[in-house]
Structure formats: structure tokens, C-alpha cells
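Geometric and topological summary
Chain by chain, the residues run as shown.
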Amino acid sequence: MADDRRRSDSPDHDVDDEKVQKEVDRQKVPPFLIRMFFRRNMFHRMDVFLPPVSITTNEELQMYTWFNGTLKEILAVFASVVPEASSSRCTFRHVFQDPKNNLPSLMFKDIAVYMPRGSKDGRWTDMEGNALDDSIFTLYDFQFRIGDYIDVNITSPDAPPPPPISSGQARSRDWSAVENKLDRRISGRGGR
């Protein structure tokens with residue numbers, strides 16, 4: 001799955017480090033914390049991810065993993081805390097800082113959908129419906145960084161699929177109003 005967002009501004013995604021990131025020795029490298037948020041039948045609004053994150057703790061799961069943590073592993077931990085996740089369609093969204101904006105500015109990218117199959121393991125697809133191999137699709141593959149978030153929309157299996165979001169629509173409409181307020185505050189102080 002190709003990601004149109006490049007993070008070449010950071011040394012942690014250099015070509016030499018790619019092999020290191022994908023082949024983490026879990027006995028020697030400590031895991032890092034990721035914050036997952038979940039909601040039933042919808043995603044969270046983007047403005048709630050602004051520091052300090054204003055999402056209730058009953059909609060948050062904190063877990064430790066590595067950059068080579070797979071979707072299958074992440075779902076297994078998630079479903080152990082939120083049992084309905086294993087029998088419901090779960091759409092995973094990556095929430096991250098806009099790399100082109102110096103102000104606090106968030107973007108998102110829908111990355112994968114888990115579809116349950118009765119009592120057997122479910123299947124994973126990308127947002128276009130193409131099958132994903134959940135045992136090899138990792139945090140590194142969708143360019144997750146420490147400090148990014150994962151937001152999960154849990155929907156019942158019989159609900160209609162959400163409409164696809166093109167990369168040109170990645171910025172949340174709610175967020176533009178917040179950015180305008182920030183721009184006015186900065187310019188009102190003689191900022192830029």
C-alpha cells in the first residue's frame with residue numbers, strides 16, 4: 001500500500017534505518033508506547049487530539065509495541081481489552097502531525113479495515129478493498145512515528161462500509177477552524 005505522505009525530513013526513516021526498523025530484535029530493543037483511541041460507529045473529531053488530548057479514558061487503550069508490530073498483533077491486544085473488536089468491522093486511522101506545518105496541525109490517513117469472518121480469523125483490506133497480509137503489514141509500513149495516534153472506528157458487521165477518503169481530503173474540516181484561530185492569535189501578537 002503506497003503512502004503519499006513522506007517523512008524524509010527525519011533521520012529515523014533513512015534507507016539504512018529501514019532494515020533496522022523492520023527487523024527489530026524484540027529481545028534487545030525496548031518497545032514504545034502507542035495510544036489507540038476507539039469509538040463505536042464513528043471516528044473522533046480531529047480537534048480532540050490536540051494537546052492535551054481530550055478523549056475520555058474509557059475510549060483509550062495504551063499499549064507497548066515495536067515498529068515491526070503487525071496489525072494482527074495490535075488487533076489481538078485491542079480485542080483483549082475491547083472484545084467486540086474481534087467480531088466487528090474495525091477501521092484503523094493513523095493520526096499524525098502535519099509534516100509541512102510548523103503550527104500544531106494534525107492530519108489523518110485511513111490505513112486498514114478488519115472484517116470479521118464468524119468464529120475464524122477475519123481478513124484485512126486497505127481502504128480500496130485490496131487484501132492485506134496482516135502478518136507482515138507493520139507500523140513501519142504506514143510510517144508510524146512515536147507520538148502519533150491510532151483511532152479505531154468499531155462498527156457492527158452488517159453496517160454499510162464508510163465512504164472512501166481520498167488523500168486530497170486528508171485534512172479534517174473541523175481542524176481548519178482551529179488553525180484559523182491559531183493564525184489570528186499569532187498575527188495579533190505581531191507574530192509572523
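Quick notes on the rules
Residues numbered from 1 in each chain as written. Predicted model: local features only at pLDDT ≥ 70, side-chain atom pairs only at ≥ 80, totals over all residues. Heavy atoms only, no water. UniProt positions renumbered as here; feature names shortened; annotations may be inferred. Buried < 20%, exposed > 50% of the residue type's maximum accessible area, 1.4 Å probe, protein only. Helix = DSSP H or I, 4+ residues; strand = E, 2+ residues; numbered from the N terminus. Arc of directions from axis to C-beta. Salt bridge = Lys/Arg side-chain N within 4 Å of Asp/Glu carboxyl O. Core = buried A, V, L, I, M, F, W, Y, C linked by side-chain atoms within 4.5 Å. Contact = heavy atoms within 4.5 Å. Polar contact = N/O pair within 3.5 Å; in protein donor to acceptor, adjacent residues only side chain to side chain.

For the protein chain, the name recorded in an unreviewed UniProt entry is Histone deacetylase complex subunit SAP18, with Lipomyces starkeyi NRRL Y-11557 as its organism. Word for word, the UniProt comment on the protein chain under Sequence similarities (unreviewed entry) is "Belongs to the SAP18 family."

Once that is clear, we can look at helix H2 (residues 71-81). Buried within H2 we find Leu 71, Ile 74, Leu 75, Phe 78 and Ala 79. Relative to the axis of H2, the buried residues are bounded by an arc of 125 degrees and lie together on one face.

Before going further, it helps to examine the pattern of salt bridges. Enumeration over the complete set of coordinates arrives at six salt bridges. Its salt-bridge partner being Glu 60, residue Arg 35 comes within 2.6 Å of it at the nearest N-O pair. With Arg 35 in strand S1 (residues 32-40) and Glu 60 in strand S2 (residues 60-65), this pair connects stretches of sequence that are 25 residues apart. A salt bridge links Glu 84 to Arg 40; its shortest N-O distance comes to 2.8 Å. Remark: Arg 40 occurs in strand S1 and Glu 84 occurs in the loop between H2 and strand S3 (89-97); sequence separation between them is 44 residues. On the accessibility criterion, Arg 40 (40% relative accessible area) is partly exposed.

Another point: the nonpolar core. Core analysis: the biggest nonpolar cluster contains 29 residues, and Met 36, Phe 78, Phe 92, Trp 124, Ile 150 and Val 152 have the highest contact counts within it. With residues near it in sequence (within four places) discarded, Phe 78 still touches Met 36, Phe 38, Leu 61, Ala 85, Val 152 and Ile 154. In terms of nonpolar packing, the next biggest core, distinct from the first, is built from eleven residues, Val 53, Ile 55, Leu 106 and Tyr 149 among them.

On to the side chain of Asp 148. Relative to the helices and strands, Asp 148 is located in the loop between strand S6 (131-132) and strand S7 (149-155). Looking at Asp 148, its side chain comes within polar contact range of the main-chain nitrogen of Arg 145, at 3.0 Å.

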